[in-house]
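Architecture at a glance
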Amino acid sequence: MGAEVILKATTVDGVYTADPKLDPEATRYERVTFQECLVQRLKVMDSTAFTLCMDNSIPIIVFDLGRDGNIRRALDGEPVGTIIQSE
């Protein structure tokens, strides 16, 4: 694939313990491993795409597309959203 990272722009600002739109008690992860996502059944993305990233140790950055400047911040390596990575 040749990618260093996958940027996943969404309508929420990262990966949560539950859907933050439905559960006000949901908490956001700053960092989470691929394995933790699987064990906790966190809904991140299509399972095939997720597995490709996991098998190739390609981190995924999940962030809010609606916030101005987030794409640039993600590209610049600034903390934005949630980083999913190998252990």
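Calculation rules
- Residues numbered from 1 in each chain as written.
- Predicted model: local features only at pLDDT ≥ 70, side-chain atom pairs only at ≥ 80, totals over all residues.
- Heavy atoms only, no water.
- Buried < 20%, exposed > 50% of the residue type's maximum accessible area, 1.4 Å probe, protein only.
- Helix = DSSP H or I, 4+ residues; strand = E, 2+ residues; numbered from the N terminus.
- Pairing = 2+ DSSP bridges.

Now for unusual backbone geometry. With a phi close to 55°, Arg41 is a non-glycine residue in the positive phi region. Under the relative-accessibility criterion, Arg41 is labelled exposed at 70%. With a phi angle near 50°, Ser57 is a residue other than glycine that sits in the positive phi range. Assignment of secondary structure puts Ser57 in the loop between helix H2 (47-55) and strand E3 (60-64). According to the relative accessible area criterion, Ser57 is partly exposed, its value standing at 47%.

All right, on to the pairing of strand E4 (residues 82-85) then. Across the two faces of E4 the burial differs, with Thr82 and Ile84 buried and Ile83 and Gln85 not buried at all. Two strands pair when backbone bridges link them, and strand E2 (residues 31-33) and E4 are joined in this way by three bridges, in the parallel orientation. Following the sheet pairing, Arg31 is matched in E4 by Ile83. The pairing of E3 with E4 spans three bridges and is antiparallel. Bridge pairing in E4 places Val62 opposite Thr82.

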